[in-house]
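So the chains spell out like this:
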Amino acid sequence: MKKIQLLLAAIIVVFASCEQKVQLPSSGTHNGHEYVDLGLPSGALWATCNVGADAPTEYGDYFAWGETETKRAFSEETYTFYLSPDVLILPYDAAAVNWGEGWRMPSKKEANELCDECTFVRKKINGVAGLLITGPNGNSIFLLAAGIVDDLVHSEPCGYYWSSSISTFGQSSYAQGLRFSSGATDILNIPSSDGLTIRPVLP
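Here goes a summary of the coordinates provided. (Residues numbered from 1 in each chain as written. Predicted model: local features only at pLDDT ≥ 70, side-chain atom pairs only at ≥ 80, totals over all residues. Heavy atoms only, no water.)

**Some thoughts on the sheet that holds strand E11 (residues 185–191)**
Thinking step 1. Read from one edge to the other, the open sheet built from three strands follows the order E9-E10-E11, with strand pairing classed as antiparallel. Where the open sheet ends on each side, the last strands, each with one partner, are strand E9 (159–166) and E11. For this sheet the average axis-to-axis angle between neighbouring strands, irrespective of direction, equals 35 degrees.
Thinking step 2. Pairing of strand E10 (residues 174–180) with E11, which is carried by seven bridges, proceeds in the antiparallel orientation. By the bridge assignment, Gly177 is partnered in E11 with Leu188.
Thinking step 3. Across the face of the sheet, helix H3 (residues 108–117) comes into contact with E9, E10 and E11 while running at roughly 150 degrees to E11. (Pairing = 2+ DSSP bridges. Helix = DSSP H or I, 4+ residues; strand = E, 2+ residues; numbered from the N terminus. Axes fitted to C-alpha atoms, helices over the stretch in contact; angles between N-to-C directions. Contact = heavy atoms within 4.5 Å.)

**Examining the side chain of Glu113**
Thinking step 1. Within the fold, Glu113 resides in helix H3.
Thinking step 2. Here Glu113 sits buried without a salt bridge, and the closest side chain of opposite charge, Lys109, lies 7.6 Å off (N-O distance).
Thinking step 3. Setting aside chain neighbours within four positions, we find Glu113 in contact with Leu40, Pro41, Ser42 and Cys118. (Buried < 20%, exposed > 50% of the residue type's maximum accessible area, 1.4 Å probe, protein only. Lys, Arg positive; Asp, Glu negative; His and termini not counted. Salt bridge = Lys/Arg side-chain N within 4 Å of Asp/Glu carboxyl O.)

**What to know about unusual backbone geometry**
Thinking step 1. Cis peptide bonds are those with omega within 30 degrees of zero, and the linkage from Leu202 to Pro203 qualifies with -10 degrees.
Thinking step 2. As for its placement among the helices and strands, Pro203 is situated in the segment after strand E12 (201–202).
Thinking step 3. Phi at Asn31 is positive, roughly 55 degrees, even though this residue is not glycine.
Thinking step 4. Looking at where Asn31 falls in the secondary structure, it is placed in the loop between strand E1 (27–30) and strand E2 (33–37).

**What about empty space enclosed by the protein?**
Thinking step 1. A full pass over the atoms with the stated rule returns one cavity of 30 Å³ or more.
Thinking step 2. Roughly 40 Å³ of internal volume is contained in the largest cavity.
Thinking step 3. Every residue along the wall of the largest cavity is listed here: Trp46, Pro106, Ala111, Tyr161, Trp162, Ser163 and Leu178.
Thinking step 4. With three residues, E9 is the single largest residue contributor to the lining of the largest cavity.
Thinking step 5. Its residues assigned to classes, the lining of the largest cavity shows six nonpolar, one polar and no charged. (1 Å grid on protein atoms, 1.4 Å probe; cavity = no way out; pocket = protein on both sides within 12 Å on 5 of 7 lines; lining within 4 Å. Points joined across faces, edges and corners; volume = space filled by probe spheres on them. Nonpolar A, V, L, I, M, F, W, Y, C, P; charged D, E, K, R; others polar.)

This is the structure we're talking about:
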């Protein structure tokens, strides 16, 4: 009888631990794209890849702010988005359009949260330079130093990522993006016609 009681107790412990893991996942997939829970106060879940990439070490596609398709030339002459919303609505959000329901571009507030709540280490993964970002819970994402495309010029090794927020100038000719270089990580105003990479978030 004592052995049976011990066996039942062990089974209960196993099921309890399995149930806890199901309730508290640290990462997963949505619409076929992986995300990571960094333990941020907002609860935002960050994707592991850029839009247009199949792996964390691929740059992916470049987009002008408010445009949902990539292109070869980025300039004021080729820019097609002329609305001035404070935050991009989903039909003009490249993450939402390309990855589907639930995904979107991060807001300025969420980009700031990433800067304020996480630790940053410059490093190379598989020969690709970037920024390893570790959240309060110890989970990490890798943002590549994919540069910026402006008038056919592709600059590196800085990283530039669009947010969904318009610039502090209050006009669609500039939008806000996350930038990291060798000496700083910040949010700044960037010409909306420039080509930047996008790292989506949920929900």
